[in-house]
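The primary structure of each chain is shown beneath.
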Amino acid sequence: MTRHDDGDVERTFAALPPAHGRGFAQTWWGQAWLTALEGTALDSAQLKTGRRLARAGAVGAMSVRPGRLTAVVRDRDRTPHRADVLLETLSPGQWDRFLDMTVERAGHVAALLDRDMPPHLVEDAADAGVELLPGLGDLEPTCDCGAWDHCGHTAALCYQVARLLDQDPFVLLLMRGRAESSLLDDLQTRGGTSHAEASTAEGVDAAEAYAAGDILPPLPPLPELPVEPGAPPSLDTETPPAPGIDPAALEFLAARTAVEAYGLLRRALQGGADVELTSAQDAVRLAAGTPGLEITDRLAAGSGRGREGLAAAVRAWRHGGTEGLSVLDEEWQPQDETLARARAALDSAWDTGERPELRARANRWTVVGAPVQLRLGRDGRWWPYRKERGRWQPAGGAAQDPATALASMTALASMTAPSSAEHSPGEGAL
């Protein structure tokens, strides 16, 4: 750290290593810094150039002092350029208000000492008339390359400074006009507590905190369910993916994860229970999200179903989730009581002489003379199936009675003649 004759303090940071395969800002305040840059720059191509230079490690040692950032940035041909970014410092009155606000809330001091800048600190400062984070147009560029707006050199400097801010928010406060040491000294003077005391202050006894639970205000109501799942960020960047990473597959997984999280939240708000999926079931869930052909083939292989089997499983999933999938996969023998109820349901569903002839095997009843089948689920509901190209395929959602399940296919009137392979040993007429 260097102190100038005019009383300003300068900090110099060594050049940061290349940032391949990672974002420039991980903290919310670092991202707010980049928003101030990206929301102001008029030429998006210059921003891309800046990201490319920053990722390549083309930004040299960075000088940070009140109101100014400075670094030498080298072009791809190694030509050096001095880049500066100016930021207005806070006035003495603004600093007084910031210090008064901070000492009134011990949590703010503790957060700064932990190199953290929680949103409520920035919000409280704004309420006091002090804007800590830069807004649109606050980052003023100047570069010896002659550009009047943000060029690739000043943009690269801003991207690297975002990484510094992630590590230490005092860098932002220095740009606003106050060095860490003098700022903490002023906080100590106003608060009457040393920094060591602030960092080692005793907490609240656990028993007291627990006992206070009955007098605390109630929790706020749960947020309303969003209209639809959120969209994950795009991975379409100029950075090549790491070996073994498929960006398209990763984007698809992120989108399906957002949909699944939305469903979990909806069921939680409605008081429903969640079912933990097996790997094979989860592969079907993902395939139901209509991925590309390459991803579908990978899911088909991973689920052990093959492409045709996965297509049938996806249809079952869309009709009934895990229950629909179980009906597709499981053939089980109903107990006598369950079988009697099923037969009674079949008998009562049609008038005398109108019921189609059915042949039963286990929990599956096939319509004689038609490629149509009813399957009884373990919960007592009926699922319609149709034979297509020699395979039984789910044809609709479950119904409480068999007639409704058959009617859901709207196919009884146009059923094709059965093949000789419609029945197999073990089937019996009902």
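Higher on the page you've got the structure.
My aim in this report is to walk through the structure given alongside it, one point at a time. Keep in mind the model is a prediction, meaning the values are calculated, not measured. (Residues numbered from 1 in each chain as written. Predicted model: local features only at pLDDT ≥ 70, side-chain atom pairs only at ≥ 80, totals over all residues. Heavy atoms only, no water.)

1. Concerning the environment of G309
Working step 1: Looking at where G309 falls in the secondary structure, it is placed in helix α14 (residues 306-329).
Working step 2: In sequence terms G309 and Q393 are 84 residues apart; their C-alpha atoms lie 9.7 Å from each other. (Helix = DSSP H or I, 4+ residues; strand = E, 2+ residues; numbered from the N terminus.)

2. Let's talk about the packing of aromatic side chains
Working step 1: Inspection of every chain in the model, using the stated rule, returns four aromatic pairs.
Working step 2: Between F24 and Y159, the ring centres sit 4.9 Å apart and the planes meet at 40 degrees, which makes this aromatic pair tilted. Placement of the pair is F24 in the loop between β2 (9-13) and α1 (28-38) and Y159 in helix α6 (residues 152-167), with a sequence separation of 135 residues. Note on accessibility: F24 and Y159 belong to one class, buried.
Working step 3: Measuring from ring centre to ring centre gives 6.4 Å for W28 and W29, while their planes differ by 85 degrees; the resulting arrangement is edge-to-face.
Working step 4: Note on W28: relative accessible area 31%, which makes it partly exposed.
Working step 5: A relative accessible area of 4% means that W29 is categorised as buried. (Phe/Tyr/Trp six-rings, centres within 6.5 Å; stacked < 30°, edge-to-face > 60°. Buried < 20%, exposed > 50% of the residue type's maximum accessible area, 1.4 Å probe, protein only.)

3. Looking at unusual backbone geometry
Working step 1: Phi at R78 takes a positive value of approximately 75 degrees, unusual for a residue other than glycine.
Working step 2: In this fold, R78 is placed in the loop between β4 (68-74) and β5 (80-86).

4. As for the packing of α1 against α6
Working step 1: Running from amino to carboxyl end, α1 crosses α6 at an angle of 165 degrees, the nearest separation of the two axes being 8 Å. Of the possible angle classes, the one that applies to α1 and α6 is roughly antiparallel. Relative to α6, α1 is oriented so that their crossing is right-handed. Along the contact surface, α1 presents W29, G30, W33, L34, L37 and E38, while α6 presents A155, C158, Y159, V161, A162, L165 and D166.
Working step 2: In the contact of α1 with α6, the residues fall into 10 nonpolar, one polar and two charged. (Axes fitted to C-alpha atoms, helices over the stretch in contact; angles between N-to-C directions. Parallel < 35°, antiparallel > 145°, perpendicular 65-115°, else oblique. Left-handed = near helix turned anticlockwise from the far one by under 90°. Contact = heavy atoms within 4.5 Å. Nonpolar A, V, L, I, M, F, W, Y, C, P; charged D, E, K, R; others polar.)

5. A few points about the side chain of Q373
Working step 1: Looking at the secondary structure, you find Q373 in strand β9 (residues 372-376).
Working step 2: Within the structure, the side chain of Q373 is placed 3.0 Å from the side chain of T366, a separation counted as a polar contact.
Working step 3: A polar side-chain atom of Q373 sits 2.7 Å from a polar atom in the side chain of R375.
Working step 4: In contact with Q373, not counting residues within four places along its chain, are R364, W365, T366, W383, P384, Y385 and W392. (Polar contact = N/O pair within 3.5 Å; in protein donor to acceptor, adjacent residues only side chain to side chain.)

6. Focus: the pattern of salt bridges
Working step 1: Counting across every chain of the model gives 18 salt bridges.
Working step 2: Put simply, D168 and R11 hold a salt bridge, and the shortest N to O gap is 3.3 Å. Of this pair, D168 sits in the loop between α6 and α7 (170-175) while R11 is found in strand β2, placing the two residues 157 residues apart along the sequence. Across this residue pair, the class does not change: D168 and R11 are buried.
Working step 3: The shortest N-O distance in the salt bridge between R307 and D297 comes to 2.6 Å. (Salt bridge = Lys/Arg side-chain N within 4 Å of Asp/Glu carboxyl O.)

7. Thoughts on the packing of helix α12 (residues 279-287) against α14
Working step 1: Direction vectors running N to C along α12 and α14 enclose 110 degrees, while the axes themselves pass 9 Å from each other. With respect to α14, the axis of α12 lies roughly perpendicular. Taken together, the residues of α14 that come into contact with α12 (itself represented by Q281, V284, R285 and A287) are L310, A313, V314, W317, R318 and L325.

8. A closer look at the side chain of T296
Working step 1: Here T296 is to be found in helix α13 (residues 293-303).
Working step 2: Setting aside residues no more than four positions away along its own chain, T296 makes contact with P291 and L310.

9. Re a nonpolar patch on the surface
Working step 1: Residues L235, I245, L250 and L253 make up a contiguous nonpolar surface patch of roughly 320 Å² in combined accessible area.
Working step 2: Here I245 is to be found in the loop between α10 (206-211) and α11 (247-270). (Patch = residues over 30% accessible without salt bridge, like charges linked within 9 Å, V, L, I, M, F, W, Y side chains within 5 Å. Areas by Shrake-Rupley, 256 points an atom, 1.4 Å probe, with all protein chains shown as cover.)

10. What to know about the nonpolar core
Working step 1: Residues W33, L157 and M175 are the most contacted members of the largest nonpolar core, which totals 45 residues.
Working step 2: Residue assignment for this core shows that the elements contributing at least two residues are β2, α1, α2 (44-55), β3 (59-65), β4, β5, α6 and α7.
Working step 3: The greatest single-element share of this core, amounting to nine residues, is contributed by α6.
Working step 4: In this structure, W33 is in contact with L69, L87, P134, L139, C158, V161, A162, L165 and M175, ignoring residues within four places of it in sequence.
Working step 5: Within the second largest apolar cluster, 21 residues are counted, among which are A283, V284, A287 and L299. (Core = buried A, V, L, I, M, F, W, Y, C linked by side-chain atoms within 4.5 Å.)

11. Concerning helix α3 (residues 92-103)
Working step 1: The end-to-end C-alpha separation of α3 is 17 Å, in line with the 16 Å expected for 12 residues at 1.5 Å each.
Working step 2: Within the sequence span of α3, burial applies to W95, F98, L99, M101 and T102. Along α3, the residues classed as buried sweep out an arc of 165 degrees about the axis, all on the same side. (Expected span 1.5 Å × (residues − 1). Arc of directions from axis to C-beta.)

12. Remarks on the pairing of β9
Working step 1: Of all five residues in β9, five are buried, a share of seventy percent or more.
Working step 2: On β9, burial covers both faces: V372, L374 and L376 on one face and Q373 and R375 on the other are all buried.
Working step 3: Bridge count for strand β8 (residues 364-367) against β9 is three bridges, and the pairing is antiparallel. Each residue of the ladder has a partner; that of T366, found in β9, is Q373.
Working step 4: Turn length for the β8-β9 hairpin, with the two strands adjacent in sequence and antiparallel, is four residues, and the turn residue G369 shows positive phi of about 85 degrees.
Working step 5: In the sheet, β9 pairs with strand β10 (residues 382-388) via five bridges, with the strands oriented antiparallel. Residue pairing across strands places L376 opposite W382, the latter belonging to β10.
Working step 6: Where β9 folds back on β10, the antiparallel hairpin that results is connected by five residues, among which G380 adopts a positive phi of roughly 90 degrees. (Pairing = 2+ DSSP bridges.)

It is worth stressing that arrangement in space is one thing and function is another; only the former is reported here.
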